[in-house]
Amino acid sequence: MNTVKTKISIILCCAGLMLLNACVVAKKTVYVKDMSTESLQPIKENPELNIQKGDRLNILVTAKDPELSVPFNAGSYVIGADGKMLTNDDKMSGQNYLVDQQGNIQFPILGALNVEKLTLDQIQNLIKNRLIADKLISDPIVKANILNFKIIVSGAVRQEVVLEVPDGKISILEAIAKAGGLGVNAAADRVTVIREENGMRSRIINNIESQTLFDSPVYHLKQNDVVYVEPKTAENTPREERKWRYIGTVLGSLTLILSVINLTK
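Some remarks on the overall build of the protein
A tally of helices and strands in the protein yields 5 helices and 12 strands. Counting across all 265 residues of the protein, residues that qualify as buried make up 34%. For the protein, the computed accessible surface area is about 16,600 Å², with 55% contributed by carbon and sulfur atoms.

Let's talk about the packing of aromatic side chains
For the coordinates displayed, the defined rule picks out 3 aromatic pairs. Each ring, one from Phe72 and one from Phe107, has its centre 5.8 Å from the other, and the planes form 20 degrees; the classification is stacked. Of the two residues, Phe72 is situated in the loop between helix H2 (66–69) and strand S2 (77–79) and Phe107 in strand S5 (residues 104–107); the sequence distance between them amounts to 35 residues. Since its relative accessible area comes to 2%, Phe72 is described here as buried.

As for the nonpolar core
Counting 48 residues, the largest nonpolar core has Leu57, Ile59 and Phe107 as its most contacted members. Phe107 has contacts with Ile59, Val61, Phe72, Tyr97, Leu113 and Ile127, leaving out every residue within four places of it along the chain.

Comments concerning the sheet that holds strand S7 (residues 141–146)
Spatially, S4-S1-S7 is the arrangement adopted by the 3 strands of the open sheet, whose pairing is antiparallel. Two strands bound the open sheet, and with one partner strand each, they are strand S4 (95–98) and S7. On average, each strand axis in the sheet is inclined to that of its neighbour by 25 degrees, with strand direction left out of account. Pairing of strand S1 (residues 56–62) with S4 involves 4 bridges; the strand directions are antiparallel. Looking at the pairing, Ile59 lines up with Gln95 of S4. The strands touched by helix H3 (residues 120–133) are S1 and S7; relative to S7, the strand with the most contacts, the crossing angle is about 145 degrees.

Description of the sheet that holds strand S10 (residues 186–197)
Ordered by their spatial adjacency, 5 strands build an open sheet running S9-S8-S12-S10-S11, and the pairing between neighbours is mixed. Of all strands in the sheet, those with a lone pairing partner are strand S9 (161–164) and strand S11 (200–206), marking the two edges. Mean inter-strand twist for the sheet, computed between neighbouring axes without regard to direction, equals 20 degrees. Bridging between strand S8 (residues 150–155) and S9 involves 4 bridges; their strand directions are antiparallel. Residue pairing for S9: Val153 is matched across the bridge by Val161.

Details of the pairing of S7
In the case of a regular strand, side chains alternate between the two sheet surfaces. Of the two faces of S7, only one is covered, namely that formed by Val142, Ala144 and Ile146; the face formed by Ile141, Lys143 and Asn145 stays uncovered. In this sheet, S7 lies alongside S1 in antiparallel orientation, the contact comprising 6 bridges. Bridging across to S7, Leu60 finds its partner in Lys143.

Some thoughts on the pattern of salt bridges
Within this structure, the stated rule accounts for 6 salt bridges. Salt-bridge contacts for Asp134 lead to Arg130; the nearest nitrogen and oxygen are separated by 3.4 Å. Counted as one network, the salt bridges with shared partners bring together Arg190, Arg203 and Glu230.

Here we look at unusual backbone geometry
Note: most peptide bonds trans; most residues except glycine with negative phi. Within the chain, Lys135 stands out as a residue other than glycine whose phi angle is a positive 55 degrees. Inspection of the secondary structure puts Lys135 in the loop between H3 and S7. A positive phi angle, near 70 degrees, is found at Asn224, a position not held by glycine. Residue Asn224 is classed as partly exposed on the basis of its relative accessible area of 41%.

Let's talk about H3
The end-to-end C-alpha distance of H3 is 20 Å, a good match for the 20 Å that 14 residues give at a rise of 1.5 Å each. Listed as buried for H3 are Leu120, Ile123, Gln124, Ile127 and Leu131. The arc enclosing the buried residues of H3, seen along the axis, measures out at 100 degrees, which places them on a common side. Structurally, H3 contributes buried residues whose contacts are with S1, S5, strand S6 (111–114) and S7.

Quick look at the side chain of Gln124
Mapped onto the fold, Gln124 is located in helix H3. The class for Gln124 is buried, based on a relative accessible area of 13%.

A word on the environment of Asn148
By the element assignment, Asn148 lies in the loop between S7 and S8. Separated by 16 residues in sequence, Asn148 and Glu164 have C-alpha atoms that sit 7.4 Å apart. Apart from the residues lying within four places of it in its own chain, the contact partners of Asn148 are Gly54, Asp55, Arg56, Gln223 and Asn224. In this structure the side chain of Asn148 is engaged in a polar contact, spanning 2.9 Å, whose partner is the side chain of Asp55.

Conventions we followed
Residues numbered from 1 in each chain as written. Predicted model: local features only at pLDDT ≥ 70, side-chain atom pairs only at ≥ 80, totals over all residues. Heavy atoms only, no water. Helix = DSSP H or I, 4+ residues; strand = E, 2+ residues; numbered from the N terminus. Buried < 20%, exposed > 50% of the residue type's maximum accessible area, 1.4 Å probe, protein only. Areas by Shrake-Rupley, 256 points an atom, 1.4 Å probe, with all protein chains shown as cover. Phe/Tyr/Trp six-rings, centres within 6.5 Å; stacked < 30°, edge-to-face > 60°. Core = buried A, V, L, I, M, F, W, Y, C linked by side-chain atoms within 4.5 Å. Contact = heavy atoms within 4.5 Å. Pairing = 2+ DSSP bridges. Axes fitted to C-alpha atoms, helices over the stretch in contact; angles between N-to-C directions. Salt bridge = Lys/Arg side-chain N within 4 Å of Asp/Glu carboxyl O. Expected span 1.5 Å × (residues − 1). Arc of directions from axis to C-beta. Polar contact = N/O pair within 3.5 Å; in protein donor to acceptor, adjacent residues only side chain to side chain.

The values are spatial; any link to function lies outside them.
Here it is, written out as structure tokens:
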């Protein structure tokens, strides 16, 4: 009889430990785990970002003679006590522009400039060359950034976030890292990127446990991409999560108490 009680106690004890650990045990995800450590693979070049209709740009023009760049930069100068114009380095933020439905921005003095499908580097060169050709500034330095390059990361990640990327360069792995990494319930082989481009919407599923991720057309993200990490199972709400943790703890504790009682009889 004592042997039977001992076996029952051991079973109950193990069951209690399993219940206590049920909420904290999770399989860890290994990124690109099938990639060989001995082989070399060519790196795909990060494609340049192409400007689209509806994008918002920030363009800053500077020159050796600061007064020449004033007409092209809002809020980049102040008037001194003597009435002279002084540059304000803290406010050298340039001017913001909306790309209209014709693909144009309205640039001071130069007028309408078509920037649709151009890269940021091409826009910088376009403005720089026009300023020189029109003899407005002989030595301009032009810096362009995109203001609406935002990536949404949601689903089974540690923290859902909206990322702003002024230089337009970010990969899926970087975006997930900035969201705190994958959650415990994440399906690493079901990382979806939803992309809107040229009036069309596409959905591409990626497996971040495989090296094929690097060949994905959406490995390098574009403006307004949505990265959605699918959960393996239906996720509990915080209230449900607390309830099951409480139930697991109570049942585990009762099981251990009963085991101790059986052993001491």
